[in-house]
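Here is what each chain is made of, one letter per residue.
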Amino acid sequence: MAGVGVWWRRSPVAKTDMRTAVDPDVSTYHRLWQSASALPSFLIGPDFKVLWRNPAFAALDASAPVREHDRALQFCDRMLHAAFTAYLAGVTTVPSAWVVRDDECGVLLVRCVRLEPDQMEPAVACVLHDSGNRSSIVWADFATAFTLTNAEATLARRLAEGELLAEAAAGVSITYETAKTHLRRIYAKLGVRGREEFYSRMLAYRVA
């Protein structure tokens, strides 16, 4: 796969201490915790190979925006595949998020962090947030954190779950112009300037 090898080279970033994750005393708890998660999680290695995945990720079917196929990561769209490959080139040991909106797949939010355990090849740990799977979405209290009104919080949540502004406005029975006013205030309170920054800021409050 073109471009995959770029992110796989070791970088001068300080290594993450992975002792907790492999300590025999806690590894059982770690596996149980990951397996119980409703959010699909996976470890990706060279050439998009899936090194590990939790049951939620293994259960994804062909309609999912991204899934495992023949032990490799497969996106619903080649452009998304290429975009995620490019994103992986910059993933470091500092957690980050990849956010993209696709007409067919909806909003995809993927939290990633590069893992560099001693005497092992690096890998990238990922957690998938898919706007199409609304049954698993739980939001922390972002409204209080950003002093959003109830109307602003409701609109922000619907937008973060993948609705277009017009759809969200219709869903809460307000006009499109009122929704635009709410959105301007939401952006100001969150301190963001556009859609991608908005999704990234909201991601931290999407807990399940």
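Fair warning: this is a prediction, and the values are worked out from it, not measured in the lab.

> What should I look at first to understand the nonpolar core in this one?
Core analysis: the largest hydrophobic core is formed by 25 residues, its most contacted members being Phe142, Leu148, Leu190, Phe198 and Met202. Elements with a contribution of two residues or more to this core: α6 (142-145), α7 (150-160), α8 (165-171), α9 (176-190) and α10 (195-203). Within the second largest apolar cluster, 21 residues are counted, among which are Phe57, Phe84, Tyr87 and Leu108.

> Just checking my understanding: could you explain the pattern of salt bridges for this structure?
Summed over the entire model, instances satisfying the criterion amount to eight salt bridges. Between Arg71 and Glu68 there is a salt bridge, with its nearest N and O atoms 3.2 Å apart. Residue Lys189 pairs with Glu152 through a salt bridge whose shortest N-O separation is 2.8 Å. In this pair, Lys189 is assigned in helix α9 and Glu152 in helix α7, connecting sequence segments 37 residues apart. Among the residues examined, Lys189 registers a relative accessible area of 33% and is labelled partly exposed. Counted as one network, the salt bridges with shared partners bring together Arg53, Glu68 and Arg71.

> Sorry if this is basic, but what is going on with the environment of Pro122 here?
Positionally, Pro122 belongs in the loop between β6 (106-115) and β7 (123-130). Note: C-alpha distance between Pro122 and Gly45 (77 residues apart in sequence) is 7.4 Å.

> Can you walk me through the pairing of strand β3 (residues 66-69) in this structure?
Looking along a regular strand, one sees the side chains alternate between the two faces of the sheet. Alternating residues of β3 divide into Val66 and Glu68, all buried, and Arg67 and His69, none buried. Where β3 lies against strand β4 (residues 72-75), four bridges are found, and the strand directions are antiparallel. Counterpart to Arg67 in the pairing with β4 is Gln74.

> What am I meant to see in α7 here?
Inspection of α7 places Glu152, Ala153, Leu155, Ala156, Leu159 and Ala160 among the buried residues, and these make up the whole buried set. Seen end-on, α7 carries its buried residues on one side only, within an arc spanning 165°. Buried residues in α7 make contact with α6, α8, α9 and α10. Just beyond α7, the residue with positive phi is Gly162, at close to 115°.

> Quick question: what am I supposed to make of α9 here?
The α-helix advances 3.6 residues per turn, and as a result positions three or four apart in sequence lie on the same side. Over its 15 residues, α9 extends 21 Å from the first C-alpha to the last, a length consistent with the 21 Å expected when each residue adds 1.5 Å. Every buried residue of α9 is listed here: Ala179, His182, Leu183, Ile186, Tyr187 and Leu190. For α9, the angular spread of buried residues about the axis comes to 140°, placing them on one side. Structural note: α9 exposes Glu177, Arg184 and Ala188 on the side pointing more than 90 degrees away from its buried face. Where α9 is buried, its residues touch α7, α8 and α10. One or two steps after α9, the chain reaches Gly191, where phi turns positive at roughly 70°.

> Just to check I follow, could you spell out the packing of aromatic side chains for this structure?
Any aromatic ring pair is given by two values, namely how distant the centres are and how the planes are angled relative to each other. Tallied over the full model, the rule gives eleven aromatic pairs. Considering the side-chain rings of Phe75 and Trp98, the 5.8 Å spacing of their centres and the 80° angle between planes classify their relative orientation as edge-to-face. With Phe75 in strand β4 and Trp98 in strand β5 (residues 96-102), the pair connects residues that are 23 residues apart, well separated along the chain. Neither residue differs from the other here; Phe75 and Trp98 are each classed as buried. Between the aromatic rings of Tyr187 and Phe198, the centroid separation amounts to 5.9 Å while the plane-to-plane angle is 40°, which identifies the pairing as tilted. Remark: Phe198 occurs in helix α10 and Tyr187 occurs in helix α9; sequence separation between them is eleven residues. Counting every residue linked through ring pairs, the aromatic cluster contains Phe48, Phe75, Phe84, Tyr87 and Trp98.

Rules used throughout
Every chain is numbered on its own, with residues counted from 1 as its sequence reads. At least 70 in pLDDT is required for a residue's local features to be given in this predicted model, at least 80 for side-chain atom pairs to be given and counted, and no such filter applies to totals for whole chains, interfaces and linings, which use all residues. The side-chain values count all of the structure's non-hydrogen atoms but skip hydrogen atoms and water molecules. Buried Ala, Val, Leu, Ile, Met, Phe, Trp, Tyr and Cys residues form a nonpolar core when they are joined through side-chain atoms within 4.5 Å. Here the term buried applies to any residue with accessible area under 20% of the maximum for its type, exposed to any over 50%, and partly exposed to those in between, with areas from a 1.4 Å probe on protein chains only. Helix and strand assignments come from DSSP, with helices taken as H or I runs of at least 4 residues and strands as E runs of at least 2, each series counted from the N terminus. Here, a salt bridge means any Lys or Arg side-chain nitrogen found within 4 Å of an Asp or Glu carboxyl oxygen. Only strands joined by at least two bridges in the DSSP assignment are considered to pair. Summarising the geometry, the arc corresponds to the directions from the helix axis toward the C-beta atoms. The criterion used for residue contact is that any of the two residues' heavy atoms lie within 4.5 Å. Here the expected span of a helix is defined as 1.5 Å times the quantity of residues minus one. Between the rings of Phe, Tyr and Trp (Trp by its six-membered ring), a pair exists once the centres lie within 6.5 Å; its type follows the angle of the planes, with under 30 degrees stacked, over 60 edge-to-face, and the other angles tilted.

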